[in-house]
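# Notes for the structure review
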Amino acid sequence: AKGSRHDNLVQMLGGESIPAVGISLIAEKVIRLMRESKITAPERPGIDVYLAQLAETAKRKSMVFFEDLRKEGYAVKANFTRNSLKSQLEHAKKVEAKLILILAHKEMMENTIILRDAESGAQEVVNFDKVKVEVKKKLREINMRQLKLRS
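For the structure given in this document, a descriptive report is provided here. (Residues numbered from 1 in each chain as written. Predicted model: local features only at pLDDT ≥ 70, side-chain atom pairs only at ≥ 80, totals over all residues. Heavy atoms only, no water.)

### Looking at the pairing of strand β5 (residues 99-103)
For β5, the tally of buried residues reaches 5 of 5 residues, placing the bulk of the element in the interior. The two faces of β5 match: L99, L101 and L103 on one face and I100 and I102 on the other face are all buried. Bridge analysis of strand β3 (residues 49-53) against β5 gives 5 bridges, and the strand direction is parallel. Residue pairing for β5: Q53 is matched across the bridge by L103. Here β5 runs beside strand β6 (residues 112-117); their pairing, made up of 4 bridges, is antiparallel. Each residue of the ladder has a partner; that of I100, found in β6, is R116. (Buried < 20%, exposed > 50% of the residue type's maximum accessible area, 1.4 Å probe, protein only. Helix = DSSP H or I, 4+ residues; strand = E, 2+ residues; numbered from the N terminus. Pairing = 2+ DSSP bridges.)

### Some points on the sheet that holds strand β7 (residues 123-127)
What the 5 strands build is an open sheet, ordered β4-β3-β5-β6-β7; its pairing is mixed. On the outer flanks of this sheet lie β4 (76-77) and β7, each paired with one strand and no other. In the packing of helix α3 (residues 56-71) onto the sheet, contacts are made with β3, β4 and β5, and the angle to β3 comes to roughly 170°. In the packing of helix α4 (residues 85-94) onto the sheet, the strands contacted are β3, β4, β5 and β6, and the crossing angle to β3 comes to about 170°. (Contact = heavy atoms within 4.5 Å. Axes fitted to C-alpha atoms, helices over the stretch in contact; angles between N-to-C directions.)

### Examining the nonpolar core
A general trend in soluble globular proteins is that nonpolar side chains are found buried together. Of all hydrophobic cores here, the largest spans 20 residues; its most connected members are L51, F65, L69, L101, I113, V131 and V135. Counting only elements with at least two residues in this core, the list comes to β3, α3, β5, β6 and α6 (131-150). The contact partners of V135, leaving out residues within four places of it in the chain, are V49, Y74, L99, L101 and L115. Formed by 9 residues, the second largest nonpolar core is a distinct cluster that contains A52, A92, A97 and I102. (Core = buried A, V, L, I, M, F, W, Y, C linked by side-chain atoms within 4.5 Å.)

### Focus: a nonpolar patch on the surface
Taken together, the side chains of L9, M12 and L13 present a nonpolar region at the surface, about 380 Å² in accessible area. Within the secondary structure layout, L9 lies in helix α1 (residues 9-12). (Patch = residues over 30% accessible without salt bridge, like charges linked within 9 Å, V, L, I, M, F, W, Y side chains within 5 Å. Areas by Shrake-Rupley, 256 points an atom, 1.4 Å probe, with all protein chains shown as cover. Salt bridge = Lys/Arg side-chain N within 4 Å of Asp/Glu carboxyl O.)

### Some points on α3
For α3, built from 16 residues, the straight-helix expectation of 22 Å at 1.5 Å per residue is met to within 8% by its first-to-last C-alpha distance of 23 Å. Those residues of α3 lying buried are A58, K59, S62, F65, F66 and L69. (Expected span 1.5 Å × (residues − 1).)

### Focus on the pairing of β7
When β6 meets β7, the two strands line up antiparallel, connected through 5 bridges. In the strand pairing of β7, R116 is matched with Q123.

### Looking at the packing of aromatic side chains
By the definition in use, this model includes 2 aromatic pairs. Note on F65 and F128: the rings are 4.9 Å apart at their centroids and 55° apart in plane angle, and the pair reads as tilted. Linking F65 in helix α3 with F128 in the loop between β7 and α6, this pair joins segments that are 63 residues apart in sequence. Taken as a pair, F65 and F128 share a single burial class, namely buried. Sitting over the face of the ring of F128, K61 holds its NZ or CZ atom 4.0 Å from the ring centroid. (Phe/Tyr/Trp six-rings, centres within 6.5 Å; stacked < 30°, edge-to-face > 60°. Lys NZ or Arg CZ within 6 Å of the ring centre and 35° of its normal.)

In structure tokens:
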């Protein structure tokens, strides 16, 4: 591990003078120590909901909704820097999200959201006010389906 002081960094960026330190770890050393101590990395938690959004107003509403879902205990993922739906759906597939919620301009106008089962591709339009109930219901169905496949 290496460390250093960065007391003037915040001040150089226009802020107050704040005491600060930095630390870096060499990944190989951490991995070796974990192996020697027989510590295994925890399993990567699955992503429950991927929130895809199109249009600036949908993006703003999605940011608030993202936090609401996270506070409800769901593992939520989104990429607010990607603009195309295609790239967001590819990202959802990469992170193995169970459900995808799509919010675009049309849905904003109609107070709805598209709810898509990532595995089957089946999707439906849901009233935005009822989406949390539907997410809970769909995730329960998906988890039951996955349990049946494992047994």
